Amino acid sequence: MDVWLDLVTRFSRSCLTALGTLIGIAVLVSTLGLAKSASARITTRFDALAATEVVVRSPDEQVGTTEASSRASEPGPIPFDAAQRLAVIQGVASSSTYSHLKGVKEVRGTPVNDPTAASSRVEVVAASPQLLATVHGTVSGRFFDRFHDDRGEAVAVLGAEAAKQLNVSDVDRQPAIFLDGRSVVVIGILTSLGRKPELLHSVVVPDGLARGQYGLLAPEQVLVETRIGAADVVGAQVPYALRPDQPRSLEVVVPPTPTLTRDQVSADTNALFLVLGGISLLIGGLGIANVTLVSVLERVPEIGLRRALGARRGHVVGHFLMESTALGLLGAVAGTAVGVLTTVAVARLRGWPPAMDPWLPVLAPFLGAMIGLLSGIYPAVRAGRIEPIDALRAA
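Note that the coordinates shown come from a computational prediction; the quantities given were computed from them, not determined experimentally.

### So, the overall build of the chain
Then, number 1: Looking only at helices and strands, the chain features 14 helices and 12 strands.
Then, number 2: When each of the 395 residues of the chain is scored for burial, the buried share is 46%.
Then, number 3: Residue pairs in contact within the chain that sit at least 24 positions apart in sequence constitute 82% of those at least 6 positions apart.
Then, number 4: Carbon and sulfur atoms make up 59% of the accessible area of the chain, which amounts to about 20,200 Å² in all.

Rendered as structure tokens:
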């Protein structure tokens with residue numbers, strides 16, 4: 001009862017003392033909560049990008065070349081309608097063929113061999129119309145569609161960097177570039193990509209054009225975007241959907257589950273936030289110790305009077321320990337509430353899923369009480385050592 005009476009009597013000082021613990025616990029709870037929320041966001045991004053891309057490759061060395069051969073009439077290991085075949089598999093979000101046209105030697109912005117004209121060694125890539133969706137790209141103008149692909153139209157889409165090198169700034173007037181002297185109309189410019197950033201430095205043409213004009217025998221690979229968690233299942237079915245006669249002729253690369261990397265990043269994030277919260281909590285504990293010590297020095301006559309009336313050293317020590325513990329507990333309860341609200345508000349503002357370990361709001365008040373108890377040990381012991389005669393003389 002005496003402890004609560006002292007706290008109420010010195011209400012302003014009690015609030016200011018508890019404020020240190022409140023801030024420390026609030027910072028600790030909010031930082032750990034935000035670390036958990038950030039980890040959840042990191043996990044989502046890892047799963048969305050790293051664990052959803054399956055690549056199907058062909059071991060045929062002639063695939064992707066532009067040189068005619070005796071095998072040109074034979075079907076390649078990967079069919080050109082791979083995207084349509086894979087669309088029926090559950091778990092496939094999008095897919096596209098993808099080939100490097102190694103036989104294209106020169107890409108120019110003008111038809112003449114002018115030393116001052118734009119000329120570049122940009123790479124030429126053949127793909128199906130589904131490529132834009134598969135690589136999560138955005139385009140200025142338009143991307144070629146199935147009509148262009150089926151008819152082998154001489155159209156192309158440039159990556160943003162390739163467009164700069166070829167002096168193509170817009171597609172409103174349908175500018176042309178020249179691949180080994182053949183005119184190709186530019187209908188779009190890739191502005192951003194979620195996957196395959198090297199396409200920003202490339203020229204992308206339809207498979208139909210690559211087959212008819214540049215002798216592409218078969219797609220070099222297929223890029224497959226899967227639903228989260230479906231990569232392994234899709235990877236097992238892809239060879240049978242593409243080549244049911246020779247499923248083992250295809251190489252399927254399924255991304256490993258990034259559990260270790262994801263956990264390491266999450267652990268590093270948690271450790272950083274935990275250190276910041278611990279520092280704030282330490283500052284709060286020092287504040288309690290300092291204010292409690294000042295309170296002891298100011299109340300020396302009162303302590304001496306209590307000792308003269310029969311109070312023992314243990315009673316005095318216990319009184320101040322209970323007072324500092326109560327201050328720590330009250331500050332921690334308020335700090336926990338502030339920390340939870342801060343976590344939810346910041347997570348919502350950043351678009352993260354709010355997350356927090358269930359034990360944290362329960363443990364935080366007890367941690368605050370422990371900090372208050374430890375912070376009050378030295379002031380309480382010093383108060384217990386005050387002798388009645390010395391206290392009365394000081395008064």
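### Here we look at helix 12 (residues 360-375)
For an α-helix the count is 3.6 residues per turn, leaving residues at separations of three or four pointing the same way.
Then, number 1: Compared with an ideal rise of 1.5 Å per residue, which puts 16 residues at 22 Å, helix 12 spans 22 Å between its outermost C-alpha atoms and is within 8% of the ideal.
Then, number 2: Along helix 12, the positions that sit buried rather than exposed are Leu360, Ala364, Pro365, Gly368, Ala369, Ile371, Gly372 and Ser375.

### With respect to the nonpolar core
Then, number 1: In terms of nonpolar packing, the biggest core is built from 25 residues, with Ile177, Leu179, Val203 and Val205 touching the most fellow members.
Then, number 2: Listing elements by their share of this core, those giving two or more residues are strand 5 (123-127), strand 7 (155-159), helix 6 (160-165), strand 8 (176-179), strand 9 (182-192), strand 10 (202-206) and helix 7 (207-214).
Then, number 3: Each residue touching Leu179, except ones within four places of it in the same chain, is listed here: Val104, Glu106, Val107, Val124, Val184, Val205 and Tyr214.
Then, number 4: The next biggest cluster of nonpolar side chains, apart from the first, holds 18 residues, and it includes Val55, Val135, Phe144 and Leu193.

### Looking at the packing of aromatic side chains
Then, number 1: As enumerated under the stated definition, the model contains 1 aromatic pair in all.
Then, number 2: Across from the ring centre of Tyr214, 5.0 Å away, lies the NZ or CZ of Arg182, which sits over that ring.
Then, number 3: Across from the ring centre of Tyr98, 4.7 Å away, lies the NZ or CZ of Lys196, which sits over that ring.

### Describing unusual backbone geometry
Then, number 1: The phi angle at His136 is positive, at roughly 55°, despite the residue not being glycine.
Then, number 2: Looking at the element boundaries, His136 is found in the loop between helix 4 (131-134) and strand 6 (138-141).
Then, number 3: Phi at Lys196 is positive, roughly 50°, even though this residue is not glycine.
Then, number 4: Along the chain, Lys196 falls in the loop between strand 9 and strand 10.
Then, number 5: For Lys196, a relative accessible area of 18% translates into the label buried.

### A few points about a nonpolar patch on the surface
Then, number 1: Nonpolar side chains collect at one region of the surface, where Met370, Leu373, Leu374, Ile377 and Val381 lie side by side and expose about 390 Å² of accessible area between them.
Then, number 2: Contributions of two or more residues to the nonpolar patch are made by helix 12 and helix 13 (377-384).
Then, number 3: When residues of the nonpolar patch are assigned to their parent elements, the largest contribution, 3 residues, is made by helix 12.
Then, number 4: By secondary structure assignment, the location of Met370 is in helix 12.
Then, number 5: Classification of Met370 as partly exposed rests on a relative accessible area of 43%.

### A few points about the pattern of salt bridges
Then, number 1: This structure, assessed with the given rule, holds 11 salt bridges.
Then, number 2: Among the ionic pairs, Asp81 bridges to Arg85, the shortest N-O distance being 3.1 Å.
Then, number 3: By relative accessible area, which is 33% here, Asp81 ends up partly exposed.
Then, number 4: Judged by relative accessible area, Arg85 falls into the partly exposed class, the value being 32%.
Then, number 5: Here Arg195 makes a salt bridge to Glu225, at a shortest N to O gap of 3.7 Å. Remark: Glu225 occurs in strand 11 (residues 221-226) and Arg195 occurs in the loop between strand 9 and strand 10; sequence separation between them is 30 residues.

Calculation rules
Residues numbered from 1 in each chain as written. Predicted model: local features only at pLDDT ≥ 70, side-chain atom pairs only at ≥ 80, totals over all residues. Heavy atoms only, no water. Helix = DSSP H or I, 4+ residues; strand = E, 2+ residues; numbered from the N terminus. Buried < 20%, exposed > 50% of the residue type's maximum accessible area, 1.4 Å probe, protein only. Contact = heavy atoms within 4.5 Å. Areas by Shrake-Rupley, 256 points an atom, 1.4 Å probe, with all protein chains shown as cover. Expected span 1.5 Å × (residues − 1). Core = buried A, V, L, I, M, F, W, Y, C linked by side-chain atoms within 4.5 Å. Phe/Tyr/Trp six-rings, centres within 6.5 Å; stacked < 30°, edge-to-face > 60°. Lys NZ or Arg CZ within 6 Å of the ring centre and 35° of its normal. Patch = residues over 30% accessible without salt bridge, like charges linked within 9 Å, V, L, I, M, F, W, Y side chains within 5 Å. Salt bridge = Lys/Arg side-chain N within 4 Å of Asp/Glu carboxyl O.

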